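If you want the building blocks of each chain, they are given just below.
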Amino acid sequence: LLVLQKRDHSKLLSFQSFAFPSGAQTGEAQLAVIDAYKANHSSFASLKVEDHISKENKAVSKRVEELNFNRVYTLEEGVYDASVSSQQAKKLLNLAKSQSYVVLRTGEDGNFPESLVVYPDVMQSGSFNCRCAALTMVLMACMAA
């Protein structure tokens, strides 16, 4: 996975690359957690991932993990609530076995609100080509920010 970003005060681009382990048939989902947020000050953020508990199962205890950005993780399949430590950006993750996913933190301090983009977003339907086009557009938006 290659992520393009606009450099500060420059017309040049910077790149981040991430590799999903190939041939990993562990039956678990792989999740790349990428920070493309532009801040005017240095800040440490992490992605908080916790079990999604439905209203009927409130008695069940939640597992909660803080994931560092710019890494690839292996997670059990399931439904999770994901949020940035600041709690401003939240998303629902529905991870399936042996699939790869990307969570991208986007925005720019003072110009664009912080948000989380999940790819593929299994809550929305569409063909593979449409999803590839959507990811390309997200990455291009990150370049423009």
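Scroll up to find the structure this text is about.
These figures come from a predicted structure and were not determined experimentally.

(A) Representation of unusual backbone geometry within the structure. Looking along the chain, the bond that leaves Tyr119 and enters Pro120 is cis, with omega of -15 degrees. Locating Pro120 in the fold gives a position in the loop between strand S10 (112-119) and helix H1 (128-144). Within the chain, Asn70 stands out as a residue other than glycine whose phi angle is a positive 65 degrees. Locating Asn70 in the fold gives a position in the loop between strand S5 (64-68) and strand S6 (71-75). On the accessibility criterion, Asn70 (34% relative accessible area) is partly exposed. A positive phi angle is found at Ser98, which is not glycine, with a value near 55 degrees. Structurally, Ser98 can be placed in the loop between strand S8 (90-95) and strand S9 (100-108).

(B) The sheet that holds S5, seen in detail. Taken in spatial order, the four strands of this open sheet run S5-S4-S7-S8, and their pairing is antiparallel. Either end of the sheet is taken by a strand with one partner, and the two such strands are S5 and S8. Averaged over all neighbouring strand pairs, the angle between strand axes comes to 30 degrees, with direction disregarded. In this sheet, strand S7 (residues 78-84) lies alongside strand S4 (residues 46-51) in antiparallel orientation, the contact comprising five bridges. Residue pairing in the sheet places Leu47 in a bridge with Val84 of S7.

The rules behind these values
Residues numbered from 1 in each chain as written. Predicted model: local features only at pLDDT ≥ 70, side-chain atom pairs only at ≥ 80, totals over all residues. Heavy atoms only, no water. Helix = DSSP H or I, 4+ residues; strand = E, 2+ residues; numbered from the N terminus. Buried < 20%, exposed > 50% of the residue type's maximum accessible area, 1.4 Å probe, protein only. Pairing = 2+ DSSP bridges. Axes fitted to C-alpha atoms, helices over the stretch in contact; angles between N-to-C directions.

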